[in-house]
Amino acid sequence: MKVPVPDYIRNIAPYAPGKPVEELEREYGIKNAVKLASNENPLGPCPSAMKAVADALPRLHRYPDGASVLLRRALSAHLDYPEEGIVTGNGSDDLIALIATAFLAPGDEAILPHPSFLMYDISVITAGAAPVFVPLKDLRPDLPAMRTAVTDKTRVVYICSPNNPTGTTVTEAEFAAFLADLPRDILVVIDEAYAEFVRDPEALRGRDWIGKGHPVISLRTFSKAYGLAGLRVGYGLMSPEMAGIFHRVRPPFNVNLPGQIGAAAALADTDFLDRTVRLTHEGLDWLYSELERMGLAYFPTQSNFFLIDVGRPAKEVFKALLRKGVIVRAMTAYGYPDYIRVNAGLPEENQRFATALRDVLA
Ligand SMILES: *Cc1c(COP(=O)(O)O)cnc(C)c1O
């Protein structure tokens, strides 16, 4: 019996997430593994969020607020952005999927930087639309080439800034030039999952472009800087009209109860965010100097992760590091067979990674 499914769905390669630490430890017989592979917060979850979630447990028999009112109000106050233009989701992955559901139909085209975050192409293809990949240039989204790729079938353009997996950003000036003659009926999605880590003052700030004549959505998440990847909360900033479209297609309870409560508490904990950002920047700078000492090429980042050119097949280096209990990502599937991606961890984790890498490459 054949499962009745369109070929464009059958042909999607399932998203391959990094394996949980526990599974790798079992598989490789290692202990105290260091995971620097999924851009997670090395400090753990925001403590205020943990407390708020624990306090909310007796209410788990209740449905969550389908409109995430308290969380959206907290976001509105925190960002000084109107509540009606804030849409929350089960991680920003959920919002990425909803964008394709709502704005793409079979026959449409969507323009994507490549390589970038895999959820864009999965969602575009799921909607029956055609992804149009535009290669990065010098590891950065190539906006002029993306503009050239626009046809009368283009409905959505995705920009990831900082881009995953390269850590590079688009500048405000580049984006202004890109938007200048872009048809005004094309939705521009700016995924800013790593916005909190950006150090370059010229980097694109998506929210500044909302309501300026083009449909623009800025996507953010609690998964990275706030340390709440397991809670699944993301949000999008957009016009109230655009938000109304999301409310037509989203599941009514797409942000769970602990998620709403935990995320709101995390937002108020500016001390945790500050500590996270400082630790990340110090960790990156330390790793850069170690790599320079090893004579390895790396690509400075605006995010909490970056690429290293290990000068040999990344898959082998990945496996050798695993045996030493250090988990990174090989970039082979992204088209960079000699690169690994690593995120900044705690000082002792960075140290273990640097030592392991030195041994592996020796
Ligand atoms: C991690 C990540 C996300 C999403 O994360 P959620 O956990 O679904 O909020 C979105 N975009 C990029 C580029 C990411 O790296």
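Located above this text is the structure these notes cover.
Residues numbered from 1 in each chain as written. Predicted model: local features only at pLDDT ≥ 70, side-chain atom pairs only at ≥ 80, totals over all residues. Heavy atoms only, no water.

1. Section: the site of the ligand
In the vicinity of the ligand, 13 residues are found, and the nearest of them are Asp-191, Tyr-194, Thr-221, Ser-223 and Lys-224. At a separation of 2.8 Å, an oxygen atom of the ligand approaches a polar side-chain atom of Asn-164. With the chains in place, 94% of the 380 Å² that the ligand exposes on its own is no longer accessible. When residues of the shell around the ligand are assigned to their parent elements, the largest contribution, three residues, is made by helix H5 (residues 91–103). Split into classes, the residues belonging to the shell around the ligand amount to four nonpolar, five polar and four charged. (Near = heavy atom within 4 Å. Polar contact = N/O pair within 3.5 Å; in protein donor to acceptor, adjacent residues only side chain to side chain. Areas by Shrake-Rupley, 256 points an atom, 1.4 Å probe, with all protein chains shown as cover. Helix = DSSP H or I, 4+ residues; strand = E, 2+ residues; numbered from the N terminus. Nonpolar A, V, L, I, M, F, W, Y, C, P; charged D, E, K, R; others polar.)

2. Here's the deal with unusual backbone geometry
Geometrically, the link from His-114 to Pro-115 is a cis peptide bond, its omega value of 0 degrees lying close to zero. Mapped onto the fold, Pro-115 is located in the loop between strand E3 (109–114) and helix H6 (118–126). At the junction of Asn-164 and Pro-165, the peptide bond is cis and its omega measures out at 20 degrees in the coordinates. Tracing the backbone through its elements, the reader meets Pro-165 in the loop between strand E5 (154–160) and helix H8 (172–180). Despite not being glycine, Arg-232 shows a phi value in the positive range, around 65 degrees. With a relative accessible area of 26%, Arg-232 lands in the partly exposed category. (Buried < 20%, exposed > 50% of the residue type's maximum accessible area, 1.4 Å probe, protein only.)

3. Examining the packing of aromatic side chains
Using the criterion set out here, one finds 14 aromatic pairs in the structure. Residues Phe-222 and Tyr-226 carry aromatic rings whose centres are separated by 5.0 Å and whose planes lie at 50 degrees to one another, so their mutual orientation is tilted. Taken individually, Phe-222 and Tyr-226 each receive the classification buried, so the pair is uniform in this respect. Plain terms: the ring middles of Phe-222 and Tyr-235 are 5.7 Å apart, the flat faces sit at 50 degrees to each other, and that makes the pair tilted. Here the residue Phe-222 occupies a position in the loop between strand E7 (216–221) and strand E8 (234–237), and Tyr-235 occupies one in strand E8, the gap between them amounting to 13 residues. (Phe/Tyr/Trp six-rings, centres within 6.5 Å; stacked < 30°, edge-to-face > 60°.)

4. Looking at the nonpolar core
Membership of the largest hydrophobic core comes to 47 residues, with the highest contact counts inside it found for Leu-75, Met-146, Ile-159, Phe-175, Phe-178, Val-188 and Phe-222. In this view, Phe-222 contacts Leu-71, Leu-75, Gly-227, Leu-228, Ala-229, Val-233, Tyr-235, Ala-263, Ala-266 and Leu-267; residues no more than four positions away in its chain are not counted. (Core = buried A, V, L, I, M, F, W, Y, C linked by side-chain atoms within 4.5 Å. Contact = heavy atoms within 4.5 Å.)

5. Some thoughts on the pairing of strand E4 (residues 130–135)
Pairing of E3 with E4, which is carried by six bridges, proceeds in the parallel orientation. Among the inter-strand pairings, Ala-110 is bridged to a residue of E4, identified as Pro-131. Since E3 and E4 lie parallel, the crossover through H6 that links them has a hand, and here it is right-handed. (Pairing = 2+ DSSP bridges. Right-handed = clockwise from strand over helix to strand, strands pointing away.)

6. Observations regarding the side chain of Thr-88
With respect to the helices and strands, the residue Thr-88 is situated in strand E2 (residues 86–89). Polar side-chain contacts of Thr-88 include one of 3.0 Å to the side chain of Ser-68. Leaving out residues up to four positions away in the same chain, Thr-88 has contacts with Ser-68, Leu-71, Arg-72, Leu-75, Leu-95, Gly-234, Tyr-235, Asn-254 and Val-255.

7. Digging into the environment of Pro-115
Judged by relative accessible area, Pro-115 falls into the buried class, the value being 5%. When the C-alpha atoms of Pro-115 and Ala-195 are compared, they prove to be 19 Å apart, with 80 residues separating the residues in sequence. Among all residues touching Pro-115, those that are not within four sequence positions of it are Leu-136, Asn-163, Asn-164, Pro-165, Tyr-334 and Tyr-336.

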